[in-house]
Amino acid sequence: MTSWMESQVETHSLQDFQRPAVSSKVFIQRDYSSGTICKFQTKFPSELESRLDKQQFEETIQTLNNLYAEAEKLGGSSYLEGCLACLTAYTVFLCMETHYEKVLKKIARYIRDQNEKIYAPRGLLLTDPIERGLRVVEITIFEDRNIGSAR
Amino acid sequence: MKSCDSQQTDLQAVPTPAPIPPPHAASRGPRGARRKWEVFPGKNRFYCGGRIMAAQQSGVLPLTLGLILVTTGLFFIFDCPFLVKHLSSCVPAVGAVLFVFVFITLLQTSFSDPGILPRATPEEAADVERQIDSSGDSSYGPPPRTREVVINQQVVKLKYCFTCKMFRPPRTSHCSLCDNCVERFDHHCPWVGNCVGKRNYRFFYTFIVSLSFLTSFIFSCVSTHLAMRAQDGRGLVSALQESPGSAVELVICFFSVWSILGLSGFHTYLVASNLTTNEDIKGSWSGKSGDVASNPFSHRNVFVNCGSVLCTPLPPSLIDRRGFLPEEEEPAQTCCTDVQLPASANNTQRKCSQGRKGLLESAAPSPLQSTSCPQGEPQTVPPGPRRPSPADSEPTRQASNGCRAQHSAGSQGNASSARHSHHKSRMKKHKEAALSISNPTSHGPVAPTCPDSVPTSRGTSSTQA
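In the annotation of an unreviewed UniProt entry, chain B is listed under the name Palmitoyltransferase and assigned to Oryzias latipes. For chain B, the Sequence similarities (unreviewed entry) comment in UniProt is given as "Belongs to the DHHC palmitoyltransferase family."

Per an unreviewed UniProt entry, chain A goes by Golgin subfamily A member 7 and derives from Oryzias latipes. The record held by UniProt for chain A lists under Function (unreviewed entry) the comment "May be involved in protein transport from Golgi to cell surface. The ZDHHC9-GOLGA7 complex is a palmitoyltransferase specific for HRAS and NRAS."

Draft legend 1. Looking closely at the packing of helix 3 (residues 61–86) of chain B against helix 4 (residues 90–111) of chain B. Residues and elements named next belong to chain B. Viewed as axis vectors pointing N to C, helix 3 and helix 4 meet at an angle of 175 degrees, and their least axial separation amounts to 10 Å. With respect to helix 4, the element helix 3 is oriented roughly antiparallel. Judged by residue contacts, L61, T64, L65, I68, L69, T72, F75, F76, C80, L83 and V84 of helix 3 engage V91, P92, G95, A96, F99, V102, F103, L106, S110 and F111 from helix 4. Residue composition of the contact of helix 3 with helix 4, grouped by class: 17 nonpolar, four polar and no charged.

Draft legend 2. How the structure looks around the pattern of salt bridges. Using the criterion set out here, one finds 13 salt bridges over all chains in the structure. The residue R119 of chain B makes a salt bridge to D179 of chain B at a minimum N-O spacing of 3.1 Å. With R119 of chain B in the loop between strand 3 (116–117) and helix 5 (122–135) and D179 of chain B in the loop between strand 7 (173–175) and strand 8 (180–182), this residue pair connects regions lying 60 residues apart in the sequence. For the pair R119 of chain B and D179 of chain B, a shared accessibility class is recorded, and that class is buried. Close ionic contact of R130 of chain B with D127 of chain B constitutes a salt bridge, the shortest N to O distance being 3.1 Å. On the criterion of helical spacing, the pair formed by R130 of chain B and D127 of chain B is a turn pair, its members being three residues apart in helix 5. Residue D127 of chain B is classed as buried on the basis of its relative accessible area of 10%. It is possible to trace a salt-bridge network through shared partners that takes in K25, R132 and E138 of chain A together with E123 of chain B.

What counts, and where the lines are drawn
Residues numbered from 1 in each chain as written. Chains lettered and ligands numbered in written order. Predicted model: local features only at pLDDT ≥ 70, side-chain atom pairs only at ≥ 80, totals over all residues. Heavy atoms only, no water. UniProt positions renumbered as here; feature names shortened; annotations may be inferred. Axes fitted to C-alpha atoms, helices over the stretch in contact; angles between N-to-C directions. Helix = DSSP H or I, 4+ residues; strand = E, 2+ residues; numbered from the N terminus. Parallel < 35°, antiparallel > 145°, perpendicular 65-115°, else oblique. Contact = heavy atoms within 4.5 Å. Nonpolar A, V, L, I, M, F, W, Y, C, P; charged D, E, K, R; others polar. Salt bridge = Lys/Arg side-chain N within 4 Å of Asp/Glu carboxyl O. Buried < 20%, exposed > 50% of the residue type's maximum accessible area, 1.4 Å probe, protein only.

Here is the structure:
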């Protein structure tokens, strides 16, 4: 009897895992007030109010903004890289990973981390903005069946 | 085995144009999946599996290449032997270095992504539309499709791009020749056969600067050569007869050196003031004061401006040409409950029905190392019914609708070799539709190098119909 119930529970949760219904998507748009650098708005969307802390959200977006600023930063090393690249007729870009790409990998790791620790347990999923052409941060809200679902 | 065979025959009986792979033949993998460049909506051509891209019309790129190769070739054949003997042996060395520079930067300008912005996904477009509708006042007609941003104490208007379905970032413009929004759009250069934008501006600038050095170098060498020959007392005409190639070079260089030097000077000015050709021609920042000090993107320092245009880390290509499309029929994520379903429903359902863990796992790989299904599944599952039941065909239809929505060209949900031909014809229709929307003749500032186009480009004020 109990093993039958357990198997039912198992099937139930397996089905849940197999079909998470997407309830909606929230798009965090770019903030162009500082120019053309990649920066996202930190305004907390109302659709996330029930799922997430405002502070956590702002922290995520602010960290992302800082990472993108680091990627595009104009500093001594970028000048050097630019001059070296110019001298070699930009052929170094064929063999070397650019500074921007290195930071993009860092960003991908950060988003993965955030998803695992904070967003997935709340039924949310952050999509890396690079997959949306750096236009938006897409947050997918999944319908949360495990909490308070009547079945 | 028998059940699998019967499934196979069922599949063959289904009147779809494509055979759907049976569930047990799992790992379709990258072999069967298509790359994003194959469904790219803009008017671009891709070579070498998406590594190289060019505009649809190559413009006069062959002419540019031909002129450079012919002139340099003639230089090495006719002038270098004489000059090495009578002047110095570093003449061909300098010429070779300059030629290599010119050639490489020309190829990089022509065949790299200028900074194309990928079009908005359907969900994004819908979200933007909602925001526009909610902000507009319906009594005054259609809501305005502009947004205003304050950058550096100056109001900048962001326009909505109807083709790409998004608000264009500042300094971005839609090129009607390529049918793409390009970041920091400078101009569409027919001489290199590509747009010049954020990503390839530095290649373009290096190309024209090194080309001006090359043409002036060849011009001066040829003049020196002919002068030295003529000095022997035989006169200029006999010198030209002895070295006919030099005459050709002289003519080519004489006519091109002025325009190329002028262009280099113009672009040096643009770089120093952090302006684009597009902005300069439209007079975006001149305003009432009439000077360019009101450019909100300028750093007010010539060296910082040059650095920010030429020396910033090269931004990545946003269009991810070699990434794989989310597959219609994915390799088996073994779900034992799905075996009873019919094969077609099975495949699309399985594609869209991963657990959250699976979502994380599939979303995890960095887009830079895109292998298969880099985007993960969630985008393809539309806001469906609250309780999709497994036996219901609706979620599969909706799922396949969602999957279909992924491809802007609207390819069908059946994977096949025949899909390519279907797809190509659909792409053609899409392109024809795009042509009717965006009038290619009314494109914005085309290269000022074309003397013909300068007056017309000054007249046109918009880059998108």
